[in-house]
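Summary of the model geometry
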Protein chains: 4
Amino acid sequence: METFSHLESEVRSYCRSWPTVFDKARGSRVHDESGRPYLDFFAGAGSLNYGHNNPVLKSALVDYLVNDSIVHSLDAYTVAKRDFLKTFGEVVLEPRGLDYKVQFPGPAGNNAVEAALKLARKYTGRETVISFTNGFHGMTLGALAVTGNSMKRGGAGVPLGHTATMPFDNYMDGQTPDFLWLRSLLEDSGSGLDKPAAVIVETVQGEGGINVASAGWLRGLSALCREYGILLIVDDIQMGCGRTGPFFSFESAGITPDIVTLSKSVSGYGLPMALTLFRRELDVWEPGEHNGTFRGFNPAFVTGTATLDAYWRDEVFEKETLAKGALIGERLDAIAADHADTGAHTRGRGMARGIAFPEEGVAKAVCAAAFERGLLMETSGPEDEVAKLLPALTTTVDELEEGLEILADSVRAVVRVPQPA
Amino acid sequence: METFSHLESEVRSYCRSWPTVFDKARGSRVHDESGRPYLDFFAGAGSLNYGHNNPVLKSALVDYLVNDSIVHSLDAYTVAKRDFLKTFGEVVLEPRGLDYKVQFPGPAGNNAVEAALKLARKYTGRETVISFTNGFHGMTLGALAVTGNSMKRGGAGVPLGHTATMPFDNYMDGQTPDFLWLRSLLEDSGSGLDKPAAVIVETVQGEGGINVASAGWLRGLSALCREYGILLIVDDIQMGCGRTGPFFSFESAGITPDIVTLSKSVSGYGLPMALTLFRRELDVWEPGEHNGTFRGFNPAFVTGTATLDAYWRDEVFEKETLAKGALIGERLDAIAADHADTGAHTRGRGMARGIAFPEEGVAKAVCAAAFERGLLMETSGPEDEVAKLLPALTTTVDELEEGLEILADSVRAVVRVPQPA
Amino acid sequence: METFSHLESEVRSYCRSWPTVFDKARGSRVHDESGRPYLDFFAGAGSLNYGHNNPVLKSALVDYLVNDSIVHSLDAYTVAKRDFLKTFGEVVLEPRGLDYKVQFPGPAGNNAVEAALKLARKYTGRETVISFTNGFHGMTLGALAVTGNSMKRGGAGVPLGHTATMPFDNYMDGQTPDFLWLRSLLEDSGSGLDKPAAVIVETVQGEGGINVASAGWLRGLSALCREYGILLIVDDIQMGCGRTGPFFSFESAGITPDIVTLSKSVSGYGLPMALTLFRRELDVWEPGEHNGTFRGFNPAFVTGTATLDAYWRDEVFEKETLAKGALIGERLDAIAADHADTGAHTRGRGMARGIAFPEEGVAKAVCAAAFERGLLMETSGPEDEVAKLLPALTTTVDELEEGLEILADSVRAVVRVPQPA
Amino acid sequence: METFSHLESEVRSYCRSWPTVFDKARGSRVHDESGRPYLDFFAGAGSLNYGHNNPVLKSALVDYLVNDSIVHSLDAYTVAKRDFLKTFGEVVLEPRGLDYKVQFPGPAGNNAVEAALKLARKYTGRETVISFTNGFHGMTLGALAVTGNSMKRGGAGVPLGHTATMPFDNYMDGQTPDFLWLRSLLEDSGSGLDKPAAVIVETVQGEGGINVASAGWLRGLSALCREYGILLIVDDIQMGCGRTGPFFSFESAGITPDIVTLSKSVSGYGLPMALTLFRRELDVWEPGEHNGTFRGFNPAFVTGTATLDAYWRDEVFEKETLAKGALIGERLDAIAADHADTGAHTRGRGMARGIAFPEEGVAKAVCAAAFERGLLMETSGPEDEVAKLLPALTTTVDELEEGLEILADSVRAVVRVPQPA
C-alpha cells in the first residue's frame, strides 16, 4: 500500500472505498492478493458488461495476440478493424435501421463526447450545447462543460462555457410539464438562450444517481430537437451495450439520436475503446480534423467483434438482462420497503439500479459494509446518496441473489431497524 | 475497402496514405493481408518504440491474460499497478532524482495533457497557459487550445481560449534573442498578457515538423519559468520513453519540469496508457476530482513494467538509440545534400528525424513513393513539408540501412536530379 | 434626409419609426423642423422623466454654463459633484436607509452595468451572473451577455458567457412556483450551475415588453440571494428616478439590493450620466481600477441636483405619478377591452405601461398610426408586440387624456372593430 | 472633502493627485473653490483640445439651450444632428477622401470601441482581435480585452479573450524587424493564432506612456492588414481631433484605416460624445443591432459642429499645433538633458508629449510638485513612469512657456541635481 501512497497522486478514488489489492478476476468474481474473493456488482462502472475476463472474448484476444496480429495501427486499415465495422454494421446498425457512420475518436469515453460536441458545432455552425442536471460526460474540457458535478467542474481551473443546463426528467417538483422551460426559451427570441447546436443526454444518469428518463420524456426531447433543428446526442457510454436490456438504451423509447457515443463495454473486455456514431449526412469531418494515437487498438476491435457475435445475434441476451433487471428491482424494492422510515427508495432500469438513502452518509456506509462482506458496490449521485448496482450482465441469478442478500444485510447493519415499542 | 468507405467516418486519415489492409506485425515489419511486408518507420507515431509485438512484452502480456489476472480495475489497487509504480519509481524516477507523484489520467495522451493543464491552473489559481508555435498536444478542448494547427483548431467549433502562443526555438529569423518577446510581456504590467499558470512545450515538436529545441533554449525557458513563478510542463508524449535517447527527452538539457506528460510508448506494446507526473507539492488534487474509466488498464501496466525491466535498467539502450540516431542523421544529411537545389534540409534528434522539402507536395510525394517501395513513413509540419522518420528504437542497423536506402530512392524518384548541362 | 442616409450607419433605428427631423422641445411636446408638434409619450426611452427642457433644470444648467463653471473634470473633485453627492445622500439615500457608496462609472447606462458586474465578480471571486428572460442591460460586451434579445446578442460577434438565464416572473405557464428551477439548481451540487456571483434584474422590463415583476417575486428573489450569498443587482436605469412612482422602483417591494444601477433620468435633462450604487462593504475597488473620460460631466451633476431639490424633497411628485399611472392603466384597460377579440391586454406599473397585441405587426402599426396623428410611441418586447408608453412624469392630465385618445383612435384604425352580424 | 470620502467609491483616482475642489474654468486655466488658479496641462485627458469653456463653442451651446432646441433625441433625426453630419462630411471626410459612414455608438469612447470590435467581428465572421502592448481602449468588457494594463484587466472578474497581444512599435530591443512576429504567425498555419478579424491600434499610446508609432510602422501595419484581409481599426479617441496636428492622427502616415473611433474632443466642450467611422462597405449593421440611450445628445452635436467650423476649415490650427508641439518637445528635451543622469528621456508627437523617468516614483513626484506649483499634469505608462503633457491645443505660447517652466522647476525639486565634487 505504501507504494501507492508514496507514488500515486491523491486524485485516486475508488481504491479508497476498496482498501485492498486486487489480483485475479473472472466473471463476477474478483480476488485480492490474499486470495479473498469479492462479488463485483460494479463491473468497472459498466465497462465489464460481459464479466471479467469472459472466456469467449479471452480466447479471441489471446489468439489474436499469440499470432502476432497487428496491435497498434493508428487509423490505418486492418483486418481486425474491418471485421469489427462489418459485424457492427450487420449486428447492430442494420437490424435497427440506423444509417450511421462510425468514428473511432480515441480510446476513452471523453474522446467520444469531445468528438460528438465538435461535430455538432461544426455541422450546425452554432456553439451552445444543452446538457442536463446531473449529467456526466467526462473530464476533458469540452466534456466537463456539459457535466454537472460542481467538484469536478471546479477542477477545470477555467470557466466552462458554450453550454446551458436544463432540468432532467422529473427534476423539480414532478408537476412542471416536461420541457416547459426549454421550449419557452427556444420559442422566445428574447430569452437569452443562443440557438443550440445540440443537446447531450443520458437515458439513465449513472454517475448522476441512477436517474431514469422515461420513454415519454425522451420522445418529447427528440421531437423538440427535430422541431427546432437541434441535434440530439445520446451519451450511451455507461448505459449502452446492453446495460438496460437492448443494445442501445434509447431503443425502448423508439427514438433515433443524431449522434451516439459508446465506450466502456464496447470492447467487452475492459480494453480502452470508444465510438462516436452519427447520421451519415453529419459526416462533415475533414480527414484528420480530429485525430489521436489510440484509435486503432486492434485487440479491442477483436473482443468487441466477439461480443457482438456471442451476445447480439439474437434476442436471448437482451431478454435475460431484462429478467435479471426485474429481479434486482424487486429485491431492491423489498429492501427499501423494509427501511421505509429512512426514506429509502429505488431507481433504475435494466441492470442499472440503485437504492437512494436521503440521510447523509448512509449510502456510503452501506457500500463500506458490503465491501466488508465481500461485495463491491459504489455510490453515485451529487451527494453520494445512492448505492449503485451495475453487475455484469452475465452475472448468474445465483450470484445476483447472493449479492442482493449481502446488500440487504449491509443495509440492516447500517440502518438500525426500528423496534416495536 | 468498401466496408471502410461505407461505415467509417471521413475523419480517417493515415489509411489514406497507406491504401492497404494490415494484418500481422513484428518488430519493424508489418504485413498486409496479401502478405506483402512493409518496413515501418512510423512506429505508431512513436507508440511502438520497442517494435510491434515485442516478444519480451508479448510474453508478459499473454501470461497475464492467460492467468485471468484482473484486466480492468478503474483506479482500484492491483498487483500489476503496484508493480508498475514500484518499477517506475526505481528505474525511472529515483536514478534521475525526480521526486514526482504519478497520476493515471486516462488512456490517451490528451488525458495526460488535460490533467496537466487542470492541475497547473488549480495549483496557481491562474488561467493562461503559454504554448508554442506548431505545438501539438491533442484534440480534446483543453489540449486543442494549446495546439497550433489551424485546421485542427477549427474543428473545435468554439473559440479556444485561456492561452497565448509564443515562438518556439529558432522560430523567426534566427536573430531575435530567445525569449525576448515572452520576457518583455512578463516584465511589463501593461503588456496584455495575464500572468500565466504554466507553459507547455515539446522538446522536439513531432507533429509540428520535427522542430528541435536546443538545450540552451530549454534551459532558458526553465529559468524564465522559475524566475516568474510559472509552471513548466514538458509534453513528452511523443519524444519520451527513449525516442531521443534518454528516457525523458529533457534530460540532455539538464532541466527538471514541474509537470511531465507521457503516453504513446509508455505501455510499449501499443496499449492505451498515459501518465501525468508532477512535483510532489503540486499534488493538490481532491480524490476523484479528475477521473475516468480506463485509468486502470492492467495489461498496459504489465507491458509498461516489462519495458522498464528490459530496456531501462542500464544505459545500453539509450546509447544504442543515440548511435542509431546519429546514423539516420548522417544518411539524411547525405540525401539532403544530394538535393540541395530543392532546399531540402534535415531536422531531428535521437531517433526522431525528418527531412524538409520547401516545395509544396514534395514530402507527401516522397512518402507515397516510399509506400510503393514498401516503407511506411508520414509527413509532418503545418504544410506537410517534412518527411518524418520515427522508427522503432529496436530497429536493427540493417533495417535502418534498408529503409534509408528506400527513402533515398523515393526522393530521387520524386525530385528529378538536376543534370549537368 | 439624404444627409442621414448618405452619412449615418444603417444601425440607426428610432428615426425609422419617426420619419421627420425634430428641432424644438419643451415638456411633453416636440416640434419638427416644419413646426409640426408631437406629443411625446416615449420621453427618450425614460430619459426625460421631467420633460424636455424642463425650465427649472434649464435655469440651473444655463446659469452654470454662463458662469464658466467647470464642465469637464474627469473624476476630480468639483463643487458641482459635491453638491450632487450631498443632495443625493440627503434626499435619496438617507431617508430610505440606504448606506450606499456612489460610483460614477461613465456616462451611459451600460457603463453602470459593466461596473456593477465587475464589482460583483471581484467581490465574490465568482464569475457566473444570472440574468432573466427578456432582460435588457446594454450593448457593451459585459452588459450584452446578460441581455436576452437574440438579434442584439448576435451582434457581439463572439460567444457571450459567464452567465445563465432564468425565468422572469410569470414567464412560463403561470403555474410553476417562483424560483423552483433556480432554487433546484442552487441546492444541487450536480446541477451544472456554477455558484453565481450575482443576479441582475429589472423590476419592470422596459425593453423586454413592460413585464412587471410582482413585489412578492422580488422579495422571493432577494431572500433567495441572501440565503445563497449571491449579490442582488437591480438595474433601475429605465424604471428608477420615479418612473414607477417612488424614486427607486424596488422600494414598493421593500427590498434592499446590494447594487443598483441608475442612468437615463438621473441628470433629468437628457445629459449623459450614470451611477452605480452599492453597499458600503462592497467598495473593494482599487483607485482607477474602473475609469473613463466622462465620469465628471458637471452640467449633469447640476441638473441632477436640481431634479432632487425640485421633485424629491417631499412625496407630492411620487403620489402624482402613481395617480397618473393609475389613470393611464384604466384607459389602457378600456382600450384593450374594446378589442378583446384581438387578445389585446395591458401591462405596467406607475407610468411605465403597455398594451400587448398578440398578432404580429399590430403594435408596430398602432405606433405608426399614432405618429401620423401626432403622438410619439414605440414598441417593445421580443417580437415588438407591445405598444409602450413612457410619458414624462410631468405630463399633465390633459396631455395624458389627449395622448390616450389618440392612442385609442390609432388602435381602432389598425384593428378593425368587429361588426355585429 | 468629507462628502467625497463618505459617499464616493474608492475607485476615484484623479482627485487623489489633485486634492482640491475645482469650481471655474476657462481656456487653460482652472480655479478651485478658494479661487486659486491652475494651469491645466491635462485637458481632460485630451477631451478639452479647444480649452475649457471655449467661448465660441459656449455661445453656440447656450444659444441652443436657451432656444429650447431639442436636447435628447435617442437616434431620431434632428436638425442639430444633420448639421453635425453635414459639416463632418464637408470639413473632415471629403477633403481627406474618406468615404466613411458615421455611427453614433453611445456617449463614451468605450462605446465607440465596442461598436468597432463588434462590427469587425460581424463583417469578417472571425473572432480574434489583435491589440498591442500597452494599448488602452476602455473599461467595458470588450474594450478591456484589448487593453494591456494588468490592474484594469484584473478588474474584469472574468477571463478576457478572443484577442492576442502583439508588440507595439519599438517595443523590444529596437533590433527586431517590425511585424516579424505577427507576420510569422499569420503565414504559418500551425502558429496557433486564429485568423484575426481586426487589429486595433493607437498611433500614439496616451495611457500606455506616450509611445509613438512611427509612420513607417503604421504603414507596415496597414499593408500587413491589407495583405491578410484583416481590418485595421485606429482608436483615435485620445490622439484624434487635432492632438497630434492633423484632425486624425493617422494622416501623417498616409494610411486609411477601415474603422476609426473618436470621442473625447469630438464635442470639443467636454460633452460626452463618440463616433465610430468605417468604410461604407463595412456597414452591415441591422437597424438597432447596437443601440443605447445617449446616442442623440444634441448639445454635443452643436458644439462638435462649432469646433469644425471654427478650427478645421483651413490649415491654420493644424500648423499652430505642430509649432506648439515642437516648442514643447524642445523644452522637454532640454529638461531631460539637464537630468540625463536619471535616464530621463522624452516622448511624443504634436501636443501629446511626455518625459519618462526610469526610477520608480519620480514621475509621480514631479506631477505632485507641479500641482503644488499650480500646474495640472498626470503620469502615464504601466509603472506611471511618464509625466504626461496634453495641454489644450488652444493654450497660448506664453502659457506653454509658463507651464514648462513650472515643470522644469518641479523636476529640479524632485531630482536633486548632481553637484560637482
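Residues numbered from 1 in each chain as written. Chains lettered and ligands numbered in written order. Predicted model: local features only at pLDDT ≥ 70, side-chain atom pairs only at ≥ 80, totals over all residues. Heavy atoms only, no water.

**With respect to the nonpolar core**
This is how it is decided: What is meant by a nonpolar core is a set of buried Ala, Val, Leu, Ile, Met, Phe, Trp, Tyr and Cys residues, joined one to another through side-chain atoms within 4.5 Å. For every residue, the accessible area obtained with a 1.4 Å probe (protein chains only) is divided by the maximum for its type, and the residue is called buried under 20%, exposed over 50%, and partly exposed between those limits. Residue contacts follow a heavy-atom distance rule, with two residues in contact if any of their heavy atoms lie within 4.5 Å.
Residues Phe88 of chain A, Phe88 of chain B, Phe88 of chain C together with Phe88 of chain D are the most contacted members of the largest nonpolar core, which totals 450 residues. Look past the residues within four positions of Phe88 of chain D in its chain and what remains in contact with it is Leu93, Val102, Phe247, Phe248, Leu262, Leu275, Leu277 and Leu308 of chain D.

**Section: the relation of the copies chain A and chain B**
Convention followed: To superpose the copies, least squares is applied to the C-alpha atoms of every residue with a pLDDT of at least 70 in both.
Expressed as a screw operation, the relation of chain A to chain B combines 0.0 Å of axial shift with a rotation of 180 degrees, fitting to an RMSD of 0.0 Å. Taken together, the rotation and translation describe the operation of a two-fold axis. Among all residues of chain A, the minimum C-alpha distance to the rotation axis is found for Leu141 of chain A, at 2.6 Å. Most of the interface of chain A is mirrored in chain B, where 100% of its interface residues again form contacts.

**Concerning the pairing of strand β4 (residues 100–103) of chain B**
Where a strand is regular, its side chains alternate between the two sheet faces. Residues and elements named next belong to chain B. Applied cut-off: Helical segments are the DSSP runs of H or I of at least four residues, strand segments are the runs of E of at least two, and each set is numbered from the N terminus. Any two strands between which DSSP finds at least two bridges are classified as paired.
Going residue by residue along β4, you find Tyr100 and Val102 tucked away on one face and Lys101 and Gln103 tucked away on the opposite face as well. The pairing of β4 with strand β12 (residues 275–279) spans four bridges and is antiparallel. Bridge pairing in β12 places Lys101 opposite Phe278.

**What to know about the confidence of the model for chain A**
Put simply, the rule is: Residue-level confidence of the predictor is summarised by pLDDT, bounded by 0 at the bottom and 100 at the top.
Per-chain confidence: chain A averages 97 in pLDDT, with 99% of residues scoring 70 or above. In the predicted complex, the global pTM is 0.97; the interface-specific ipTM is 0.97.

**So, the relation of the copies chain A and chain C**
Two chain copies, one operation linking them: a rotation about an axis together with a shift along it. Note on the copies: chain A fits chain C at an RMSD of 0.0 Å, the axial shift is 0.0 Å, and the rotation between them is 180 degrees. By residue overlap, the copies meet face to face through one surface: 100% of the interface positions of chain A are interface positions in chain C.

**Comments concerning the pattern of salt bridges**
We apply this condition: One side-chain nitrogen of Lys or Arg within 4 Å of one carboxyl oxygen of Asp or Glu is enough to make a salt bridge.
Tallying each qualifying case throughout the model produces 108 salt bridges over all chains. Between Arg29 of chain B and Glu402 of chain B there is a salt bridge whose closest N-O contact spans 2.7 Å. Here Arg29 of chain B is found in strand β2 (residues 29–32), whereas its partner Glu402 of chain B is found in helix α14 (residues 397–414), with 373 residues between them in sequence. For the salt bridge of Arg96 of chain B with Glu251 of chain B, the shortest nitrogen-to-oxygen distance reads 2.7 Å. Of the two residues, Arg96 of chain B sits in the loop between α5 (79–93) and β4 while Glu251 of chain B sits in the loop between β10 (231–235) and β11 (259–262), which places them 155 residues apart along the sequence. Overall, Glu251 of chain B belongs to the partly exposed group, its relative accessible area being 26%. When salt bridges with common partners are traced through the structure, they connect Arg331, Arg373, Glu401, Glu405, Asp409 and Arg412 of chain A into a single cluster.

**Considerations on the interface of chain A and chain B**
Which entries qualify depends on this criterion: Accessible area, probed at 1.4 Å, shrinks when two parts are joined; the buried area is that loss added up over both. In protein, a polar contact requires one atom able to donate a hydrogen and another able to accept it; more generally it is a pair of N or O atoms within 3.5 Å, and residues adjacent in sequence count only if both atoms are side-chain atoms.
In this assembly, 106 residues from chain A lie in contact with 106 residues from chain B. Across the interface of chain A and chain B, roughly 9,600 Å² is buried in total on both sides, 60% from carbon and sulfur atoms. The largest contributions to the chain A side of the interface with chain B come from Leu7, Val11 and Tyr77 of chain A, which together make up 9% of the buried area. Between the two partners, chain A and chain B, sit ten salt bridges. Where Glu10 of chain B meets Lys101 of chain A, a salt bridge forms, and the shortest distance between an N and an O atom there is 3.8 Å. At the surface where chain A touches chain B, the tally comes to 54 residue pairs in polar contact (both at pLDDT 80 or more). Tallying contributions element by element places helix α5 (residues 79–93) of chain A first for the side of chain A that touches chain B, with seven residues. Relative to strand β1 (residues 21–26) of chain B, strand β4 (residues 77–78) of chain A runs parallel, the two sharing two bridges. Bridged to Thr78 of chain A within β1 of chain B is Phe22 of chain B.

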